[in-house]
Amino acid sequence: MSSVQPFGISDDDRRPPVSDLLEVAQRGLGAKPKRLPSWLFYDELGSALFERICEQPEYYLTRCETALMEEHAASIADTLGSDVRLVEYGSGNARKTRLLLQHLHAPVAYIPVEISPEPLRQSVERLAMEFPRLPLQPLCADFSKPLRLPIPPRAPRRTVVYFPGSTIGNFENREAAVLLRKMRNEMGDGGGILIGVDLKKDQAVIEAAYNDRAGVTADFTLNMLARLNREIGSNFELSAFGHRAHYNPMAGRIETHIVSRRDQQVKIGRASVPFRADEAIQVEYSCKYSLEDFAALAAKAGLAVLRVWTDPQQMFSVQYLVRASTLTR
């Protein structure tokens, strides 16, 4: 008997219809300054390009976090305890998750939450072969929206929301606090959040990670425009735009933009959107934190940091958060 529950995509979880995507593009490109949401990166090609970014020599984040999990997965599993229901936001290929699942004590279920159906299907197939006794309950959904979690096969001792990578950094502080509060609600009273947090470090090291020499990150960024061309019939000329990512030390974040190389007009639906030479579309922030910064952010969401694991160079951290009230009792 299979340990995998079938999963579907409910009406409100499908990728947005063309009319919605057109509205998102028109609203964002009509704003001052222009901006587009970072979820537009992740169509099928975008997801594949992101996997390639993670393999680039400059992209320290995945290497550091994977090494950290290899070193500390057993200790992390001990901290989470037995009979855990693990809910992973944005599970992708779930490579790092494997390291954790190998050490978890009698897990109740694993619920990967992923917006792209095909990567979700592939990762669940692989995990079902590797962990045949683990109940898998995949959920094809946008983790930033309210989730209807599947009914667990048995009562868990606690629900742990797992948010690896450094995706929390893609949210501005206010939005990040809102998302952490949402996780706090989903984990319930005795639950926890296991989260990857990229740490502040030398500016040159950070900037190189988002400007790899092979140009994979640039392809990933500009694929957003190719997606709009394909899905809403816009006419972006990709060679007329470039990728720019720089670190803003005052804000403590990488700011990624798509930059117009010349004066031009782009058709978005029935509208024509003007671009000046060197005008930028803001497409992503990647916030970096000190341990103190992140503890303060967690506190805004009613959470406290119970444990922190870092690599020897303190490039990256995995942190375990619980309700602040549980530590003050």
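Residues numbered from 1 in each chain as written. Predicted model: local features only at pLDDT ≥ 70, side-chain atom pairs only at ≥ 80, totals over all residues. Heavy atoms only, no water.

Q: Please provide a residue-by-residue account of the pattern of salt bridges, values included.
A: Side chains that differ in charge, positive against negative, can pair when their charged atoms come close. Using the criterion set out here, one finds 22 salt bridges in the structure. Put simply, Glu23 and Arg27 hold a salt bridge, and the shortest N to O gap is 3.1 Å. One end of the pair is Glu23 and the other is Arg27, both in helix α1 (residues 18-30) and 4 residues apart, which spans about a single turn. Judged by relative accessible area, which is 46%, Glu23 ranks as partly exposed. (Salt bridge = Lys/Arg side-chain N within 4 Å of Asp/Glu carboxyl O. Helix = DSSP H or I, 4+ residues; strand = E, 2+ residues; numbered from the N terminus. Buried < 20%, exposed > 50% of the residue type's maximum accessible area, 1.4 Å probe, protein only.)

Q: If you had to explain the packing of helix α6 (residues 173-187) against helix α9 (residues 291-300) to someone new, which residues and values would you point to?
A: It is at 8 Å that the axes of α6 and α9 come closest, and there the two elements cross at 60 degrees. The angle between the axes of α6 and α9 places the two elements in the oblique class. In this structure, the crossing between α6 and α9 has a hand that is right-handed. Across the interface between the two elements, Asn173, Ala176, Ala177, Leu180 and Arg181 from α6 touch Leu297, Ala298 and Lys300 from α9. Residue composition of the contact of α6 with α9, grouped by class: 5 nonpolar, 1 polar and 2 charged. (Axes fitted to C-alpha atoms, helices over the stretch in contact; angles between N-to-C directions. Parallel < 35°, antiparallel > 145°, perpendicular 65-115°, else oblique. Left-handed = near helix turned anticlockwise from the far one by under 90°. Contact = heavy atoms within 4.5 Å. Nonpolar A, V, L, I, M, F, W, Y, C, P; charged D, E, K, R; others polar.)

Q: Explain the nonpolar core to me, using residue names and the numbers behind them.
A: In a soluble, globular protein the nonpolar side chains are often hidden away together inside. The biggest cluster of nonpolar side chains holds 65 residues, and the ones touching the most others in it are Leu80, Leu86, Leu100, Leu194, Phe236 and Phe241. Top contributing element to this core by residue count: helix α3 (residues 60-80), with 8 residues. With 29 residues, the next largest nonpolar core counts Ala177, Ala301, Leu303 and Leu321 among its residues. (Core = buried A, V, L, I, M, F, W, Y, C linked by side-chain atoms within 4.5 Å.)

Q: Kindly report on the pairing of strand β9 (residues 264-268), identifying the contributing residues and their values.
A: Of the two faces of β9, only the one carrying Gln264, Val266 and Ile268 is buried; Gln265 and Lys267 on the other face are not. Relative to strand β10 (residues 271-275), β9 is paired through 5 bridges, and the arrangement is antiparallel. Bridged to Gln265 within β10 is Pro274. Hairpin connection, β9 to β10: the antiparallel pair is bridged by 2 residues, and Gly269 has positive phi, about 65 degrees. (Pairing = 2+ DSSP bridges.)

Q: Which residues make up the confidence of the model for the protein, and what are the values?
A: Taken over all residues, the pLDDT of the protein has a mean of 92, while the share at 70 or more is 93%. Across residues 8-15, confidence stays below pLDDT 50; counting only partners more than four residues off in sequence or on other chains, it has 11 contacts. (pLDDT = per-residue confidence, 0-100.)

Q: Which residues make up the sheet that holds strand β1 (residues 34-35), and what values go with them?
A: What the 4 strands build is an open sheet, ordered β1-β11-β8-β7; its pairing is mixed. Only two strands of the sheet have a single partner each, and these edge strands are β1 and β7 (241-248).

Q: Let's hear about the sheet that holds strand β6 (residues 192-198): which residues, and what values?
A: The strand order β4-β3-β2-β5-β6-β13-β12 describes an open sheet built from 7 strands, whose pairing is mixed. At either end of the open sheet lies a strand with only one pairing partner, and these are β4 (139-140) and β12 (303-310). Looking at chain direction, β12 and strand β13 (residues 316-323) are connected through 7 bridges and run antiparallel. Paired with Ala304 across the two strands is Val322, which belongs to β13.

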